[in-house]
Amino acid sequence: MWDFSTDPEYQAKLDWAARFVREEVEPIDLLFPGFAEPYDREGEAYRELVLPLQARVREQGLWAAHLPPSLGGMGMGQVGLALLNEILGRSQWAPMVFGTQAPDSGNAEILAHHGTEEQRHEFLEPLLGGRIVSTYAMTEPTGGADPGGFTCRAVRDGDGWVIDGEKWFASNYPHAAFVIAMVITDPEVPVHRGSSMFIIPAGTPGMEMVRGTGLAGEPVGEGVHGYLRFTGCRVPAENLLGEPGTGFAIAQQRLGGGRLHHAMRSAGLCRRALEMMIERIASRTTRGGPLADQQAVRQSLADAWIKLEQFRLQVLHAAWQVDRAKETGDRDHARAARLHISAVKAATPGTLIDVVYKAMHLHGALGVSNELPLARMWQAGPTLGIADGPTEAHKDVVAKLLLRDAVPAQDRLFGSEHIPTRQIAARQKFAGLLKEMP
Ligand SMILES: Cc1cc2nc3c(=O)[nH]c(=O)nc-3n(C[C@H](O)[C@H](O)[C@H](O)COP(=O)(O)OP(=O)(O)OC[C@H]3O[C@@H](n4cnc5c(N)ncnc54)[C@H](O)[C@@H]3O)c2cc1C
């Protein structure tokens, strides 16, 4: 049986979360709109406003919902998480209030899976408690989509490792207590066997920020995406996360869930844009009637809704694939989950760009102004087309997986759907049954 309904008990939690985000969290977005502000642990907003809200989220059992109960989370599957993320996507501060903000959620996951007891104690526990934030550094200035081109290197030296090289767009570095960096440890083998993960505490000598890069609209030089340089940066051997050579595999594990979280949060953003669009075209009049009476406007609304519904179902289906793969441990299911995650990742920017643009456009000058959130919401589209890997790379994964079991046609010239060839076979099949063959 197919069933698209949500368990009533969980739906009640989602309803609580939706109300809570609108009434308690969105006002914080309005007063503290900086991209980096949610990560500033020293900030007044965090101390005075967010900490009490986090306590209420904990009371509801919705804190760090992506983590297993052993780590203080809900242990819910990806489908449940997706439904919650759709709600959190409306607000910039909401993921921080619910303890699921990137990159900390991904870093916590890999620390939980691969960290030693000491690493969990030193880095994971304060991260889960919301006392610190962290950074993830994989991309290099010379290219991020192709890890095969990474050159940042760590060399074993006595009881530690020495790192030299550069990383780029390490989000939230200025506020982070530690960096998890994927670094080449064996340049003689391909990157998927020759890289390792290191935990580098803030302030480690030899790690510096060349500059902070921001997104469009932020003052130049003030962004929180760190351009990092490592010069003879020494970390003790116990700061290696997982086994040497497993960096790439760990990175894949961390990015899979994150891509679904971003996708469902994008669906939440689109839903908010759609609600704004409906309100606007019902309120605004033109040529003596509501904008909603114009056929082109109605078509645009219908197109936006259809696009959003298709995308939302695609994300939920991908989330279900991930849950199934985890439950069965089946390799084919795992492969299907990878396929669906990449497909969702590739579909995310286009959905945001299209749906939010339509809403923005129908708001006229107000839509593109700084008095509505739409232009900034739209910016998430192009940004998510790059972050976590560009769209083309994900479409390539989709195509590769689809082609994996492809078998060339026996009739290479006309293929297996060639009507004249199939008609001959059909006539042979029914010969003797039909008096007259068509
Ligand atoms: C907001 C934001 C936050 C980020 N946070 C982090 C972070 O915390 N940590 C981190 O390590 N990185 C982070 N990144 C970096 C991100 O992962 C990289 O930008 C991304 O992997 C692409 O790398 P690049 O920018 O070097 O682009 P390139 O690799 O130079 O690619 C540029 C373009 O070339 C084309 N292209 C590349 N490869 C292919 C291909 N195989 N086929 C066809 N076309 C291709 C695509 O059009 C692509 O967009 C962040 C990026 C953004 C925008």
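Residues numbered from 1 in each chain as written. Predicted model: local features only at pLDDT ≥ 70, side-chain atom pairs only at ≥ 80, totals over all residues.

An unreviewed UniProt entry annotates the protein as Acyl-CoA dehydrogenase family protein of Actinocorallia longicatena. One UniProt comment on the protein, placed under Cofactor (unreviewed entry), says "FAD". Taken directly from UniProt, the Subunit (unreviewed entry) text for the protein runs: "Homodimer." (UniProt positions renumbered as here; feature names shortened; annotations may be inferred.)

Another point: the overall build of the protein. Check the secondary structure of the protein and you find 14 helices and ten strands. Expressed along its principal axes, the backbone C-alpha trace of the protein runs to roughly 90 × 65 × 45 Å. Taking the contacts inside the protein whose residues are at least 6 apart along the sequence as the reference set, 71% of them involve residues at least 24 apart. (Helix = DSSP H or I, 4+ residues; strand = E, 2+ residues; numbered from the N terminus. Contact = placed C-beta atoms within 7 Å.)

In the numbering used here, UniProt assigns the "domain: Acyl-CoA oxidase/dehydrogenase middle" (unreviewed entry) feature to residues 136-211. The span residues 136-211 carries 5% helix and 50% strand; its end-to-end C-alpha distance comes to 16 Å.

Comment: phi is negative for the bulk of residues other than glycine, and the bulk of peptide bonds are trans. Cis geometry marks the peptide bond from Ala-102 to Pro-103, where omega comes out at 0°. In this structure, Pro-103 sits in the loop between helix H4 (94-97) and helix H5 (104-114). In this structure, Asn-172 is a non-glycine residue whose phi angle is positive, near 70°. Within the element layout of this structure, Asn-172 appears in the loop between strand E3 (160-171) and strand E4 (178-184). Taking the C-beta count within 10 Å as the criterion, Asn-172 has 23 such neighbours and is therefore assigned buried. One non-glycine residue, Arg-287, lies in positive phi territory at about 50°. For Arg-287, the location among the structural elements is in the loop between strand E9 (285-286) and strand E10 (289-290). (Buried ≥ 20, exposed ≤ 12 C-beta atoms within 10 Å, placed from the backbone.)

In this section: the site of the ligand. Taken together, 22 residues sit near the ligand, with Gly-144, Ala-145, Ser-171, Pro-390 and Glu-392 positioned nearest. Among the secondary structure elements, those contributing two or more residues to the shell around the ligand are strand E1 (134-137), E3 and helix H13 (391-403). Considered class by class, the residues forming the shell around the ligand number eleven nonpolar, seven polar and four charged. Mapping the shell around the ligand onto the domain boundaries places at least three of its residues in each of domain 2 (134-241) and domain 3 (248-403). (Near = placed C-beta within 6 Å. Nonpolar A, V, L, I, M, F, W, Y, C, P; charged D, E, K, R; others polar. Domains from an automatic or database assignment.)

The subject of this paragraph is the domain arrangement of the protein. The domain architecture assigned to the protein consists of domain 1 (8-115), domain 2 (134-241), domain 3 (248-403) and domain 4 (408-438). On a C-alpha basis, the centres of domain 3 and domain 4 stand 43 Å from each other.

Our next topic: the packing of helix H8 (residues 247-283) against helix H12 (residues 374-384). When two helices pack together, their arrangement is captured by the angle between the axes and the distance separating the axes. At a minimum axis separation of 11 Å, H8 and H12 run at an interaxial angle of 150°. One element, H8, and the other, H12, form an angle in the roughly antiparallel class. Our pair here, H8 against H12, has a crossing hand that is left-handed. Together, His-262, Ser-266, Leu-269, Ala-273 and Met-276 of H8 and Leu-374, Met-377, Ala-380 and Leu-384 of H12 make up the contact between the two elements. Considering only residue class, the contact of H8 with H12 consists of seven nonpolar, two polar and no charged. (Axes fitted to C-alpha atoms, helices over the stretch in contact; angles between N-to-C directions. Parallel < 35°, antiparallel > 145°, perpendicular 65-115°, else oblique. Left-handed = near helix turned anticlockwise from the far one by under 90°.)

Here H8 is 37 residues long and its end C-alpha atoms lie 54 Å apart, about the 54 Å a rise of 1.5 Å per residue gives. Most of H8 sits out of view: 26 of its 37 residues are buried. (Expected span 1.5 Å × (residues − 1).)

To continue, consider the UniProt feature "domain: Acyl-CoA dehydrogenase/oxidase N-terminal" (unreviewed entry) in the protein. Following the UniProt record, one finds the feature "domain: Acyl-CoA dehydrogenase/oxidase N-terminal" (unreviewed entry) at residues 8-130. Here residues 8-130 runs as 63% helix and 0% strand, with 30 Å between its end C-alpha atoms.

To continue, consider the pairing of strand E7 (residues 225-236). Here nine bridges tie E3 to E7, and the two strands are oriented antiparallel to one another. Directly across from Ser-171, in E7, lies its bridge partner His-225. As judged from the six bridges shared by strand E6 (residues 207-213) and E7, these two strands associate in the antiparallel manner. The residue bridging Arg-211 from the neighbouring strand is Tyr-227, located in E7. (Pairing = 2+ DSSP bridges.)

Core analysis: the largest hydrophobic core is formed by 110 residues, its most contacted members being Phe-198, Leu-260, Ala-273, Val-315, Val-356 and Ala-359. Considering each element in turn, this core owes the most residues, 14 residues, to H8. (Core = buried A, V, L, I, M, F, W, Y, C linked by C-beta atoms within 7 Å.)

Along helix H6 (residues 117-128), the residues that are buried comprise Phe-123, Leu-124, Leu-127 and Leu-128. On an axial view of H6, the arc spanned by its buried residues comes to 125°, and they lie on one face. The exposed residues of H6 that point more than 90 degrees off its buried face are Glu-117, Glu-118 and His-121. Contacts from the buried residues of H6 go to H5, E1, E4 and strand E5 (195-201). Immediately downstream of H6, the backbone of Gly-130 shows phi near 80°, a positive value. (Arc of directions from axis to C-beta.)

H8 packs onto H5 with a crossing angle of 135° between their chain directions and a minimal axis gap of 9 Å. Here H5 lies oblique to H8, going by the angle between them. Considering how the two elements wind past one another, H5 and H8 form a crossing that is right-handed. Taking contact as the criterion, the partners of Ser-105, Gly-106, Glu-109, Ile-110, His-113 and His-114 in H5 are, on H8, Ile-250, Gln-253, Arg-254, Leu-255, Gly-257 and Gly-258. Here the contact of H5 with H8 is built from residues that sort into three nonpolar, seven polar and two charged.

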